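Each chain, letter by letter, is given below.
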Amino acid sequence: MAESDSTDFDLLWYLENLSDKEFQSFKKYLARKILDFKLPQFPLIQMTKEELANVLPISYEGQYIWNMLFSIFSMMRKEDLCRKIIGRRNRNQEACKAVMRRKFMLQWESHTFGKFHYKFFRDVSSDVFYILQLAYDSTSYYSANNLNVFLMGERASGKTMVINLAVLRWIKGEMWQNMISYVVHLTSHEINQMTNSSLAELIAKDWPDGQAPIADILSDPKKLLFILEDLDNIRFELNVNESALCSNSTQKVPIPVLLVSLLKRKMAPGCWFLISSRPTRGNNVKSFLKEVDCCTTLQLSKEKREIYFNSFFKDRQRASAALQLVHEDEILVGLCRVAILCWITCTVLKRQMDKGRDFQLCCQTPTDLHAHFLADALTSEAGLTANQYHLGLLKRLCLLAAGGLFLSTLNFSGEDLRCVGFTEADVSVLQAANILLPSSTHKDRYKFIHLNVQEFCTAIAFLMAVPNYLIPSGSREYKEKREQYSDFNQVFTFIFGLLNANRRKILETSFGYQLPMVDSFKWYSVGYMKYLDRDPEKLTHHMPLFYCLYENREEEFVKTIVDALMEVTVYLRSDKDMMVSLYCLDYCCHLRTLKLSVQHIFQNKEPLIRPTARLSYVSTASGFEDLLKALARNRSLTYLSINCTSISLNMFSLLHDILHEPTCQISHLSLMKCDLRASECEEIASLLISGGSLRKLTLSSNPLRSDGMNILCDALLHPNCTLISLVLVFCCLTENCCSALGRVLLFSPTLRQLDLCVNRLKNYGVLHVTFPLLFPTCQLEELHLSGCFFSSDICQYIAIVIATNEKLRSLEIGSNKIEDAGMQLLCGGLRHPNCMLVNIGLEECMLTSACCRSLASVLTTNKTLERLNLLQNHLGNDGVAKLLESLISPDCVLKVVGLPLTGLNTQTQQLLMTVKERKPSLTFLSETWSLKEGREIGVTPASQPGSIIPNSNLDYMFFKFPRMSAAMRTSNTASRQPL
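In short, a report on the structure. For every chain, the first residue of the written sequence is number 1, and numbering continues from 1 along that sequence. The model is predicted, so local features are restricted to residues of pLDDT at least 70 and side-chain atom pairs to those at 80 or more, both for listing and for counting; the totals for chains, interfaces and linings are taken over all residues. In computing side-chain values, all of the structure's heavy atoms are included and hydrogens and water are not.

A separate point is the packing of aromatic side chains. Stacked, tilted and edge-to-face are the three classes assigned to paired rings of Phe, Tyr and Trp, where Trp is represented by its six-membered ring and a pair needs centres within 6.5 Å; plane angles under 30 degrees give stacked, over 60 edge-to-face, the rest tilted. For the structure shown, the criterion picks out 23 aromatic pairs. Residues tyrosine 136 and tryptophan 176 carry aromatic rings whose centres are separated by 5.7 Å and whose planes lie at 75° to one another, so their mutual orientation is edge-to-face. Here the residue tyrosine 136 occupies a position in the loop between α7 (126-135) and β1 (148-152), and tryptophan 176 occupies one in the loop between α8 (159-171) and β2 (182-187), the gap between them amounting to 40 residues. Like tyrosine 136, the residue tryptophan 176 is buried in the burial classification. Each residue in the set Phe9, Trp13, Tyr14, Phe23, Phe26, Trp66 and Phe73 is aromatic and connected to the rest through ring pairs, giving one cluster. Only when the NZ atom of a Lys or the CZ atom of an Arg is both within 6 Å of the ring centre and within 35 degrees of the ring normal do we say a charge sits over the ring. Positioned over the ring face of tryptophan 170 is lysine 97, at 5.3 Å from the centre of the ring. One residue, lysine 916, lies across the ring of phenylalanine 924, its end atom 5.4 Å from the ring centre. Runs of E in the DSSP output that reach at least two residues are strands. Runs of H or I that reach at least four are helices, and both are numbered from the N terminus. Three exposure classes are used, based on accessible area relative to the maximum for each residue type with a 1.4 Å probe and protein chains only: buried under 20%, partly exposed in between, and exposed over 50%.

Take a look at the structure:
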């Protein structure tokens, strides 16, 4: 930036103000300072003033030069030169404020809701400003070295507003006085346009002609604040290697390297950061959120909503009535947590009150609110001509909205607006109505006031059957993360809302236009639900559908849609989910099975479990004790899964009471991945000996260890324990507990199934577990020992068990070092006439073709074996061919087989085809991991807390949204004429 005094940064001018004697002293001081600053040295003694003035700028960065000069002039008592540097720095600090003032001109002051929002945020954000004030005060308890302050909030929660207000307060001297001298403001949109840059260039981007006083800005990083908006929207992954980081502010580097160098304080050490982001699990946010950082979340709390409503209505009685309507519905509460949607809600309710309408009847859902908002905003003038004009305006608006969502475009250029038929006058009307506003992130672009309004217009576009339209901005190759749009759930929810005649009437009456696609969509929805009834696997969970039906609330239509549902799966994460589920389940008259996963504790809500619903599976991922109490009253519940959560002592006590209830029918309890240890095994043991209906217990993926297992073994031998099945996959067990386990197998009168997969039992442990199977008192029918680290050395003992135990039906011993030698021994047992095995798992056992002749003989002699798994073994073409030849034999009774079938030669492939032709009922197992097996050991994504909810995109449920069925297209051509 051009300075007021041309000598401000003229090194030679400063040096020429020194006498020859002073200059010699200056050079001595400078040599010491270079050492103090740990900078590269060069000979100074013989240099003239002109030479030194030329050499310094090419040897060191500006901030080091001027910091050294100021320090030396202070020591030399050159107060006039020190004052000149101080004066220059003060002028540059004011210049920075002027630059920020120009950049932070508040766009919303020109909008009708702007001044109200400004005042509201100024008043209610005082607590955030208090934190921001203390955070950058190095003497406060909030502060820390290299501090990052994170402002977290959902879309339109006010993050940008708070940052703008904070900077304006700094400019006015109301915040960060004597703490922050310079502010550098960065947005993700700006950063996404860059590839390489130096820190100096990044700082100068907002200064006139890119001329910023870099030396002064970087002279004291502890008074420098970087503001980084929308970290989650940055297109680069910021996982830069430490060795690539840069400390030179003038060196051009890739943008990710520059940002990480700043965030890790390799550059500008000691600077501060204020970072805004939406809540995300993205690596960019997680990587830089340190334990000492300050993080505050922005949303309108109940108290702030009351302030907002009272300020908006300026009438406490009206505000109270409007708040009551909102607080009676969790969906509306969710809307009003966002400031702009809260403004839309208040605007609509106030207009309905002013018109003397019963707003409690006409504003029950988001569809109602958005319909009234658009109708009131676009049809403020009376008369037929105005209606026709505004109908055309609505159609073009919906065309823009739908084209934007289909092509991931939320910020529209002037060309986009012209392409759908908007004139400058139209855009002015839409701006005045606060429907389209200038984008806060993209220069010279427009966006809808909120994404919800764009989604609502897209829903109208679908029911209008407007043609697909290519928005020019949609063809851009690069799209920012914030513009990537793929989840049309909210669009579908609005469509269902508009299927309700009363809600649709708001628009149709206002615009004098009937939405032509309503009947077709209703017909299609009912037909599709009947199709799903024939193939229930197409609909894996029902929350998106339930939200659509709750938005509709047309009783007969809802009944028709859910009438076919006999099995429902719902995932509850909030009060809102619970309310929606309760509404829809009341209409599920034929429901027989409810699969439920609860992820948060809900308070003051009626129990979800109704006496009329027959349940066979409930899965909860939280300590939802009220739900468990409700379960105790339900006599048809047979399977209770409480996976991936911490089980408290109160929860164990509650489980004990539930299982002890005479009416309790829970036969399977699953506690996978609950971090249960030996210390909790006494509580688990008490569940086992409480009697009742419990027959299966799953404890997989808990570090019980041998100490815990020994406690459980005592309970398993208790007379009251009636457990039939025990699953202990990956429980950190060793051979130290196998003696106790063997005793259980020897004497337990009830235990039939034991799964010990993925435990380090080794040969000694497996020997102790299998030895009891030689005795008639052992009742075991299924034993799973896959991945238990044993070798071929004990296969002779396992073979004896196979040959002598006529109760054993299933044996899983895959993923162990059995090898060909061990397999030969096992084949001897499998060929024995007393062998009654139906299933044996031998996947990944290091088998080769050398054992295949023995295996082939088993297939033609054993008359009980129906399932054999040999996947992930290197049997080779010859080995597989031998087995395939045996499979063809009429003596082979196998029904399911797993063979490594990749890489087979032509001859073996032909043999395989022959087997499939002659034995079409024979099933070949896939090489992929079985979902059922994955669930048993808790390794599927569904077992991870926070990721249990599947993708909720409704494409799979109805159809790809941008396309319509052929019948719908041909039947509505008349209504789809170009605008």
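Here the narrative resumes.
The patch calculation keeps residues exceeding 30% relative accessible area without a salt bridge and links them within 9 Å when they carry like charges or within 5 Å when they are nonpolar (Val, Leu, Ile, Met, Phe, Trp, Tyr). Per-residue and other accessible areas were derived by the Shrake-Rupley procedure at a 1.4 Å probe size, with only the shown protein chains allowed to occlude residues. The term salt bridge refers to a pairing of a side-chain nitrogen on Lys or Arg with a carboxyl oxygen on Asp or Glu at a separation within 4 Å. Judged by side-chain polarity, Leu767, Phe771, Leu774, Phe775, Tyr797 and Ile800 come together as a nonpolar surface patch covering roughly 520 Å² of accessible area. Examined against the element boundaries, isoleucine 800 turns out to sit in helix α36 (residues 795-804). Judged by relative accessible area, isoleucine 800 falls into the partly exposed class, the value being 42%.

We now examine the side chain of serine 725. Considering the arrangement of structural elements, one finds serine 725 in strand β16 (residues 725-727). Of note is the side chain of serine 725, whose polar atom sits 3.0 Å from the side chain of glutamine 753. Any pair of residues with heavy atoms lying within 4.5 Å of one another is described as a contacting pair. Those residues in contact with serine 725 that lie beyond four places of it in its chain are Arg695, Lys696, Leu697, Leu751 and Gln753. Counted as a polar contact is a pair of N or O atoms within 3.5 Å, where, for protein atoms, one must be capable of donating a hydrogen and the other of accepting one, and residues adjacent in sequence contribute only when both atoms are in side chains.

Moving on to the nonpolar core. Among the nonpolar cores identified, the biggest contains 197 residues, and Trp176, Phe226, Phe309, Ile435, Phe448 and Leu463 are the most heavily contacted of them. Residues contacting phenylalanine 226, with those up to four places away along its chain left out, are Val184, Leu186, Leu199, Ile203, Leu262, Ala268, Cys271, Trp272, Phe273 and Leu274. By nonpolar core we mean a set of buried residues, namely Ala, Val, Leu, Ile, Met, Phe, Trp, Tyr and Cys, connected to one another through side-chain atoms within 4.5 Å. Ile813, Ala856, Val880 and Leu912 belong to the second largest nonpolar core, which has 100 residues in total.

Quick look at the environment of phenylalanine 771 now. With respect to the secondary-structure elements, phenylalanine 771 resides in the loop between α35 (762-770) and β18 (782-784). A relative accessible area of 47% places phenylalanine 771 in the partly exposed class. Put simply, phenylalanine 771 and isoleucine 798 are 27 residues apart on the chain and 8.4 Å apart in space, counted from C-alpha to C-alpha.

Of note in the backbone geometry, arginine 553 takes a positive phi value of approximately 55° without being a glycine. Along the chain, the position of arginine 553 falls in the loop between α27 (543-552) and α28 (555-562). Overall, arginine 553 belongs to the partly exposed group, its relative accessible area being 24%. Phi angles above zero are rare outside glycine, and glutamate 819 is one such case at about 60°. Relative to the elements of secondary structure, glutamate 819 occurs in helix α37 (residues 819-831).

Remember that the coordinates give geometry; whether it matters functionally is a separate question.
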